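# Coordinate analysis (summary)
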Amino acid sequence: MFYIATSLKSSSCKCVARINHVIASSFSQDSTSVLKAEYDAVVIGAGHNGLVSAAYLAKSGLRTAVFERRHVIGGAAVTEEMIPGYKFSRASYVLSLLRPQIYKDLELKKHGLKVYVRDPNSYTPVRGSNKSLLMGNDARKNYQSIAQFSVQDAKMYCAFEKHLEKLVSAIEPLLDSQPVNCAKLNSFSIKDKITSVTSLRALVKVGMVGKDFPRLYELITAPASKILDKWFDSEPLKATLASDAVIGAMTSPYFNGSGYVLLHHVMGETEGIKGAWGNPEGGMGAVSNAIAKSALSHGASIFTEKPVAKLVVNSNKKVTGIMLEDGTHVKAKAVLCNPTPRVTYLDLLEKNVLPEEYRKEVDAIDYTSPVTKINGLLFRFNKMAAVYFRKVLCVLEKAINVCGFLTLFKNYQ
């Protein structure tokens, strides 16, 4: 998949001036924070997930500290200067799946987060034609745009969205529930069994979709192409929707299981609009900054340029703190790891702490990504810019032929 992010330079563009002002006044580490020898909770990594955890822990009254190896917080949700004078969302580029309850609990708007709903949200030009498919949050406009290619598909699209929304209503509670611990289900401990039953409730609800369960099962297990072929005929519409099924994943719309990602089309929420995506003012780093400010307001400490060398483990193989690369030992009653399982279990833990079988399972996790993100700076919108990006895409097309992406890529051209 290819993502092209642009920044517009214009002396008369008030929007850019406003965004640059917001970035300039973004998060900075509290210079009064003093590194302590012990905390109730330590969070490794100041990615947005780690920051959310820190904010909730601090809000509950626990002494909490976050340690980030880079000079900037945010992880993948970060805004950085890549061209002198201009800043970009370097990795993550749109907002939608951040849970509404987190917005409310952490008061992110109060801490400066402002999101613009992305509408329209997709544009698909068709090669050899003056037609293009423009999709957004307005059902009437979507109907008109799709009807250029197929009136029948335009009618079916509304039913398709309602169908996905119904399935999402069954799956969405899982996002806010503790994952089921299968090992505890077989435990002899009554406490473990009660905890497992509680986490099973949301999973049981998924099975209560009644007559729609076969369709839900098909959507989760089948290729996206099979799902879309059942609903629609026009290639521009299917190609556009297929992108929702492969975005950020090393897969193809023709692979089993890719249909599940179609649910992300309607699973998120922005500014109270279900299924909408948004662009934060100041870039994706503004999201991390707002979360960090919330954590700081509740007493958390955030330290940048403090890489963690390893997790400190006692003789009972219990984690008791962290060791920084500079040799500083920080004790903690609880340690939360924001990095990947591979970094956490293979790089930060000594080999003798975990069973070898478990280490092999973690080592086998595939982190391969097909994503190439192009950040460009446009001085103005014109035909030359369009020609330039077309040339860039043509070069990339020649270099890529992985997992059936080439077929989908040609549809996008």
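Everything numeric here is computed off the predicted structure, so don't read it as measured data.

## What about the overall build of the protein?
Secondary structure summary: the protein contains 16 helices and 16 strands in total. Burial statistics for the protein: of 413 residues in total, 41% are counted as buried. Residue pairs in contact within the protein that sit at least 24 positions apart in sequence constitute 65% of those at least 6 positions apart. Here the protein displays about 22,700 Å² of accessible surface, and carbon together with sulfur accounts for 55% of that area.

## With respect to the packing of helix α4 (residues 139-147) against helix α5 (residues 151-171)
At a minimum axis separation of 7 Å, α4 and α5 run at an interaxial angle of 150°. As far as their axial angle goes, α5 and α4 are roughly antiparallel. Considering how the two elements wind past one another, α4 and α5 form a crossing that is right-handed. Contacts between α4 and α5 involve Asn 142, Tyr 143, Ile 146 and Ala 147 on the former and, on the latter, Val 151, Asp 153, Ala 154, Lys 155 and Tyr 157. Of the residues that constitute the contact of α4 with α5, the class distribution is six nonpolar, one polar and two charged.

## As for the packing of aromatic side chains
Evaluated as defined, the whole model comprises seven aromatic pairs. Geometrically, the ring pair formed by Tyr 157 and Phe 232 is tilted, given 6.4 Å between the ring centres and 40° between the ring planes. Here Tyr 157, found in helix α5, pairs with Phe 232, found in the loop between α9 (224-231) and α10 (235-246); they are 75 residues apart in sequence, far enough to count as distant. For Phe 232, a relative accessible area of 1% translates into the label buried.

## Comments concerning the sheet that holds strand β15 (residues 329-337)
Spatially, six strands are ordered β12-β3-β2-β15-β14-β13 in an open sheet, and the strand pairing comes out mixed. Since the sheet does not close on itself, it has two edges, and those belong to β12 (301-303) and β13 (308-313), each with one partner. Recorded for the sheet is a direction-independent mean angle of 40° between the axes of neighbouring strands. In the sheet, strand β14 (residues 319-324) pairs with β15 via three bridges, with the strands oriented antiparallel. Residue pairing for β15: Ile 322 is matched across the bridge by Val 330.

## What about the pattern of salt bridges?
Throughout the structure, instances matching the rule amount to 13 salt bridges. Among the salt bridges present, the one from Asp 40 reaches Arg 63, with a minimum N-O distance of 3.2 Å. Highlighted residues: Asp 40 in strand β2 (residues 38-44) and Arg 63 in the loop between α2 (48-59) and β3 (64-67), separated in sequence by 23 residues. According to the relative accessible area criterion, Arg 63 is partly exposed, its value standing at 37%. Two residues, Glu 235 and Lys 238, come together in a salt bridge whose shortest N-O distance is 3.3 Å.

## Observations regarding the pairing of β14
Sheet topology note: the β13/β14 ladder contains five bridges and is antiparallel. Bridged to Val 312 within β14 is Gly 321. Here β13 folds back onto β14 in antiparallel fashion, the turn holding five residues, of which Lys 317 has a positive phi close to 60°. Between β14 and β15, which pair antiparallel and follow one another directly, the connecting turn spans four residues, one of which, Gly 327, has a positive phi of 95°.

## Description of the pairing of β3
In regular strands, side chains alternate between the two faces of the sheet. Alternating residues of β3 divide into Thr 64 and Val 66 and Ala 65 and Phe 67, and every residue in both groups is buried. Across four bridges, the pairing between β2 and β3 is parallel. What sits directly across from Val 42, in β3, is Ala 65. The handedness of the β2 to β3 crossover, carried by α2, is right-handed.

## Quick word on unusual backbone geometry
Excluding glycine, residues mostly have negative phi values, and the peptide bonds linking residues are mostly trans. For the peptide bond that leads from Asp 119 to Pro 120, omega is 5°, which places it in the cis range. On the secondary structure map, Pro 120 appears in the loop between β6 (115-117) and β7 (122-125). Its identity as a non-glycine residue notwithstanding, Glu 107 has a phi of 50°, on the positive side. With respect to the secondary-structure elements, Glu 107 resides in the loop between α3 (100-106) and β6. The exposure class of Glu 107 is partly exposed, given its relative accessible area of 36%. The phi dihedral of Glu 305 is positive, around 55°, even though this residue is not glycine. Along the chain, Glu 305 turns up in the loop between β12 and β13. Note on Glu 305: relative accessible area 56%, which makes it exposed.

## Structural notes on helix α12 (residues 285-297)
Look at α12: 18 Å from first C-alpha to last across 13 residues, which is about the 18 Å you get at 1.5 Å a residue. With ten of its 13 residues buried, α12 lies for the most part within the structure. Looking one or two residues beyond α12, the residue adopting positive phi is Gly 299, at roughly 100°.

Criteria and cut-off values
- Residues numbered from 1 in each chain as written.
- Predicted model: local features only at pLDDT ≥ 70, side-chain atom pairs only at ≥ 80, totals over all residues.
- Heavy atoms only, no water.
- Helix = DSSP H or I, 4+ residues; strand = E, 2+ residues; numbered from the N terminus.
- Buried < 20%, exposed > 50% of the residue type's maximum accessible area, 1.4 Å probe, protein only.
- Contact = heavy atoms within 4.5 Å.
- Areas by Shrake-Rupley, 256 points an atom, 1.4 Å probe, with all protein chains shown as cover.
- Axes fitted to C-alpha atoms, helices over the stretch in contact; angles between N-to-C directions.
- Parallel < 35°, antiparallel > 145°, perpendicular 65-115°, else oblique.
- Left-handed = near helix turned anticlockwise from the far one by under 90°.
- Nonpolar A, V, L, I, M, F, W, Y, C, P; charged D, E, K, R; others polar.
- Phe/Tyr/Trp six-rings, centres within 6.5 Å; stacked < 30°, edge-to-face > 60°.
- Pairing = 2+ DSSP bridges.
- Salt bridge = Lys/Arg side-chain N within 4 Å of Asp/Glu carboxyl O.
- Right-handed = clockwise from strand over helix to strand, strands pointing away.
- Expected span 1.5 Å × (residues − 1).

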